[in-house]
4 protein chains.
Amino acid sequence: MTYRSDLAMECIDASQPSPENGITSETINKNGISINKIKIQTEKGSQLVGKPIGQYITIQVPSFSEVSDDIEGRIFTISEQLKNLLPKDGLILVVGLGNPSVTPDAIGPKTIDKVLATRHLMDEFSRTNNLNNLRSVAAVAFGVLGQTGIESSEIIKSIVDNIKPSAVIAVDALASRSLERLGTTIQLSDTGISPGSGVGNLRKELSKNTLGIPVIAVGVPTVVDCITLAGDLLNLDNNSKNELNKKVSPNGNIMMVTPREIDILIDKASYILSLGINIALQPSLSYKDIIALMS
Amino acid sequence: MTYRSDLAMECIDASQPSPENGITSETINKNGISINKIKIQTEKGSQLVGKPIGQYITIQVPSFSEVSDDIEGRIFTISEQLKNLLPKDGLILVVGLGNPSVTPDAIGPKTIDKVLATRHLMDEFSRTNNLNNLRSVAAVAFGVLGQTGIESSEIIKSIVDNIKPSAVIAVDALASRSLERLGTTIQLSDTGISPGSGVGNLRKELSKNTLGIPVIAVGVPTVVDCITLAGDLLNLDNNSKNELNKKVSPNGNIMMVTPREIDILIDKASYILSLGINIALQPSLSYKDIIALMS
Amino acid sequence: MTYRSDLAMECIDASQPSPENGITSETINKNGISINKIKIQTEKGSQLVGKPIGQYITIQVPSFSEVSDDIEGRIFTISEQLKNLLPKDGLILVVGLGNPSVTPDAIGPKTIDKVLATRHLMDEFSRTNNLNNLRSVAAVAFGVLGQTGIESSEIIKSIVDNIKPSAVIAVDALASRSLERLGTTIQLSDTGISPGSGVGNLRKELSKNTLGIPVIAVGVPTVVDCITLAGDLLNLDNNSKNELNKKVSPNGNIMMVTPREIDILIDKASYILSLGINIALQPSLSYKDIIALMS
Amino acid sequence: MTYRSDLAMECIDASQPSPENGITSETINKNGISINKIKIQTEKGSQLVGKPIGQYITIQVPSFSEVSDDIEGRIFTISEQLKNLLPKDGLILVVGLGNPSVTPDAIGPKTIDKVLATRHLMDEFSRTNNLNNLRSVAAVAFGVLGQTGIESSEIIKSIVDNIKPSAVIAVDALASRSLERLGTTIQLSDTGISPGSGVGNLRKELSKNTLGIPVIAVGVPTVVDCITLAGDLLNLDNNSKNELNKKVSPNGNIMMVTPREIDILIDKASYILSLGINIALQPSLSYKDIIALMS
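Residues numbered from 1 in each chain as written. Chains lettered and ligands numbered in written order. Predicted model: local features only at pLDDT ≥ 70, side-chain atom pairs only at ≥ 80, totals over all residues. Heavy atoms only, no water.

(A) Structural view of the overall build of chain A. In terms of regular secondary structure, chain A is built from twelve helices and nine strands. In chain A, buried positions account for 57% of the 295 residues. For chain A, the share of sequence-separated contacts (at least 6 apart) that also reach a separation of at least 24 residues comes to 71%. For chain A, the computed accessible surface area is about 12,300 Å², with 48% contributed by carbon and sulfur atoms. (Helix = DSSP H or I, 4+ residues; strand = E, 2+ residues; numbered from the N terminus. Buried < 20%, exposed > 50% of the residue type's maximum accessible area, 1.4 Å probe, protein only. Contact = heavy atoms within 4.5 Å. Areas by Shrake-Rupley, 256 points an atom, 1.4 Å probe, with all protein chains shown as cover.)

Shown next, in the form of structure tokens:
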């Protein structure tokens, strides 16, 4: 691969969308928010883009770290798009992927901290409190393979087999090709999460394929790979990239580019994601009530 | 119940140990460390003490928050006792119970942070690095029911069914009856964890009964229940306790007594527990190597 | 002293307020919020209550940890009362007292994290952004004597002498005599902070006396001293208290009573205090703008 | 300036050291640790290198995040070099610069957390505990201008004027030109800290010039500026750099390059610095005692 990006939008080029390729792409702009929808419908399309067959929705908003009156606008856009990807009924399991101790990777676990879990309230609580309209939600995060010794996908499969949700929402930090997208972009997709896209490492894949239920991936780009950035800025060929790679990964350490204010960005992005998810999952609660329950 | 204690040692009175009751208790002292072993062997004994049949080892040491040369002594005592309770071979799953956001309840999750997970290294790593003697360990923590919507025991059962460990170590914060034991006591037991001891809420129980494999509970008392303390200090009868209960739980809030330095105590206790667990699980590694790998 | 309380309201008894004693006390209730104002006007009054001459305003609200629509009501009550105690113009220095690593003591430092510092913006920023109405504010917190080796009051005096504010606001955690007041009460006072009330340890005192400018103390009770609680519940005499003291302070550790949810309480209380302070200090900004700038 | 580096070692080129330029540079290697000493003795030398007159000691060690037996070796090298720069007697004030909420900038405040403050113990404690050999140390950190509204240098000057130390040690995160130096390098210097080197912004400078006492700067590089990196890797001229600058700072956000494991690196580096400082300041305490007091 000549660069690394988890955003379908960055992996597609302008000439690719066509009926023949089985790829469609459309973008709409509304109130300063742009929504791009890419559908990959065929194996051929999947090969061309290097991403699994499915739907990719990329929402671009003003930077999360800016003061802005439009925070509600952004959040409702996210929750509306997310709702469209989810089954109408049934328990939803929200999982936060990533390492809570590595700042740019912590967006999944931090989002889970604020997702309202309700599954345990369904019996007693709902009935006595007239909350019959509450949707059943479970929410877990448990770190990464190096911390647990267990693949995240194995833990999630174990839990799915046990509590039998109708769908999984998987929240994760993404790598982008572009600095401008850090903290300004959310990608939703119905393809789940497949590390090494298409390579088919089933042990690690989180998808309908492996779990038997829809897996909605929700991600925010928080880093740009150093090589990808350098290569892009300079139109380097692969040979030069390899050489560069040696220079920018001294001692095998992975170097990454982030905004200086990455800690703040992660705090804000995870708050916005959890709010968007809660609104999508609990339409019977008011915005104000959700905010109050989250704090 | 007239008071609340998770320590078997505090639930037994001097007259109870006897062959007839099916209870034995012995205490040895060595280098300033006292080790008490209680065995409850019969249903009758279990009824008398109000704890499940099994073995309870209580290690009392100088306070965790004191500067002391004997930290290694304490840790080796813990790891030695723990080793005796564990199966000789096979994967061990270490789970951290409790809420990481509630300081006195965070000892489980904080211990997990420092437990060395090795299960994912067994194949490639061990062979190439001559680490064939490494024991396979997995380690997880995921918060409490109110955060996840799933009983901890359900998640653990799901994982156990999937990765098939030979035993579980469950680390948890305990309630004690005595202020002196906060931060100076560790209880190990082979009975697992049964909330409401003996009541048999199978949904919440973590034991051989529910998981099919040994469950070793490792706990440190971090709080004293306010009523228990007051009742004890004053030899109150149950009526007076009920009255007191209303006064000390205004608005239904649970009040607890902790040392002022509870944050430091939790940090130290979780460090000592994780070190003790790592030493018990990895006898092929030196003390120095384990310290280095943990930091 | 027979008990410990930092709340003037708890140190006064019903018979004391009188012109002869130089003490007045009045309470008003509005929308579920109660506001008590005590004025101690004479040395005699100060002796009787055991608190310095000055004004003590105690605001009692529904618990900070309850979901409630009235959060704005509480906050505006605080900011209005605080505004009355402050000089109309000039730089305000807000200081957060207490140890950020000890949860119930962290309310001062955590409040400072959210207080909007503007002093450095006054020159360039205000003029170019038409923010001439912004009040100049500095905000510092630096831990406790055991961490720094310097009395907080020494550091604050150094800074005051240098930046010459018109008043200091000092935010601190308080001890209460009553469990019901934990997390439901705010005390404002124009007397500053005098450890050992009236004893006159000038090295530690933060007051007009030592700094030469008004010092407004803002505090929330977060703990009840174990002995105070026990003594109160049981109407113990001083002898019994001393005996009790030995039992509840094993190894000289100070034991305290807090709600189980103390971490959440501290988060909410510090948020509410910082919001109240920001609103009091920046009347030219809207509620919404202040919230946005704080996040 | 065509690139940004806080390391004198990176600002000097091989031809510059000469008696005529007033610059000397020597490097010694011992046990895998390299120590470079640069002395800038004249105004001319200062102009050439772009750093103030004084001494710069750069210690390069194996990466902080590697498991290594030689941690004590590294620490004693640091403390020995530091000791040489300090006055033999008198109170030392250690200050931690930087923003504790921005991970790569948090090295100063995190180091302060572990520096042993003793100034408040000197009177009573030392005498009664035969600790007459303890050196008096104060330690403070208070965040950055945007948080406090006060320049760090103003706060430090206020405190220095009040407590009158014999020298200041200022701990700070540095920017490096080279990825290899992140987390492997420590720079000690007797020149204090002068933002914009030589430009002479006295309001911000921390030096003998402004404080009247020696200021020893202790820093670890934690980031590489994105432009500096790209420019270096590609030998870009200044025009190209300016163009690149626009691309890599979208919306004016500063982008930086860090190792993926930056959180761990900051934890380890601040631990090593505080240990080195404590050993340098308290020669009467054993290594083991210092470790115990720090934990």
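So that's the structure; there's more coming.
(B) Main features of the relation of the copies chain B and chain A. For these two chains of identical sequence, chain B goes onto chain A by a turn of 180° and a shift of 0.0 Å along the axis, with RMSD 0.1 Å. Taken together, the rotation and translation relating the two chain copies correspond to the operation of a two-fold axis. (Least-squares fit on C-alpha atoms with pLDDT ≥ 70 in both.)

(C) Region of the structure containing the side chain of R135(C). All names here are of chain C. Mapped onto the fold, R135 is located in the loop between α5 (124-128) and β5 (137-141). Engagement of the side chain of R135 in a polar contact is seen with the backbone oxygen of D89, the distance being 3.0 Å. Engagement of the side chain of R135 in a polar contact is seen with the backbone oxygen of G90, the distance being 2.8 Å. Residues contacting R135, with those up to four places away along its chain left out, are P87, K88, D89, G90, I92, T118, M122, S166, L281 and Q282. (Polar contact = N/O pair within 3.5 Å; in protein donor to acceptor, adjacent residues only side chain to side chain.)

(D) Just the confidence of the model for chain A, in detail. Across chain A, the average pLDDT comes to 86, with 88% of residues at 70 or higher. Contacts from residues 196-200 of chain A, a stretch scored under 50 in pLDDT, to residues over four places away or in other chains number three contacts. (pLDDT = per-residue confidence, 0-100.)

(E) View of the relation of the copies chain A and chain D. With an axial shift of 0.0 Å and an RMSD of 0.0 Å, the rotation relating chain A to chain D amounts to 180°. When the interface residues of chain A are mapped onto chain D, 100% of them again fall at the interface, so both copies present the same face.

(F) Fine view of the interface of chain B and chain A. Counting residues at the interface gives 23 residues for chain B, matched by 23 residues for chain A. For the pair chain B and chain A, the summed buried area comes to about 1,700 Å², and 55% of that belongs to carbon and sulfur atoms. Per-residue buried area on chain B facing chain A is highest for H120(B), I150(B) and S158(B); these three make up 25% of the total on that side. At the junction of chain B and chain A, the tally comes to two salt bridges. The partner of R119(B) in a salt bridge is E154(A), with the nearest N and O atoms 3.0 Å apart. Here chain B and chain A share eight residue pairs in polar contact (both at pLDDT 80 or more) between them. Among the secondary structure elements, those contributing two or more residues to the side of chain B that touches chain A are β5 (137-141), α6 (145-148) and α7 (152-163) of chain B. Classifying every residue of the side of chain B that touches chain A gives 13 nonpolar, seven polar and three charged. (Buried area = accessible area lost by both parts, 1.4 Å probe. Salt bridge = Lys/Arg side-chain N within 4 Å of Asp/Glu carboxyl O. Nonpolar A, V, L, I, M, F, W, Y, C, P; charged D, E, K, R; others polar.)

(G) Highlighting the side chain of N278(A). All names here are of chain A. When you line up the elements, N278 lands in helix α11 (residues 262-281). Looking at N278, the relative accessible area reads 2%, which means it is buried. Here the side chain of N278 touches L116 through a polar contact of 3.0 Å, landing on its backbone nitrogen. Apart from residues lying up to four places away in sequence, N278 is in contact with K114, V115, L116, I290 and M294.

(H) Up close: the interface of chain A and chain D. The interface is formed by 24 residues belonging to chain A together with 24 residues belonging to chain D. Both faces combined, the contact of chain A with chain D buries some 2,600 Å², and carbon together with sulfur accounts for 65% of it. Area buried by chain A at its contact with chain D is led by L233(A), M256(A) and R260(A), which between them contribute 24% of it. Between R260(A) and D105(D) there is a salt bridge, with its nearest N and O atoms 3.4 Å apart.

(I) Here's a closer look at the packing of aromatic side chains. All names here are of chain A. For the coordinates displayed, the defined rule picks out four aromatic pairs over all chains. Ring geometry for F76 and Y287: centres 5.6 Å apart, planes at 40°, overall tilted. Within this pair, whereas F76 is found in helix α3 (residues 71-85), its partner Y287 is found in helix α12 (residues 287-294), the two being separated by 211 residues in sequence. (Phe/Tyr/Trp six-rings, centres within 6.5 Å; stacked < 30°, edge-to-face > 60°.)

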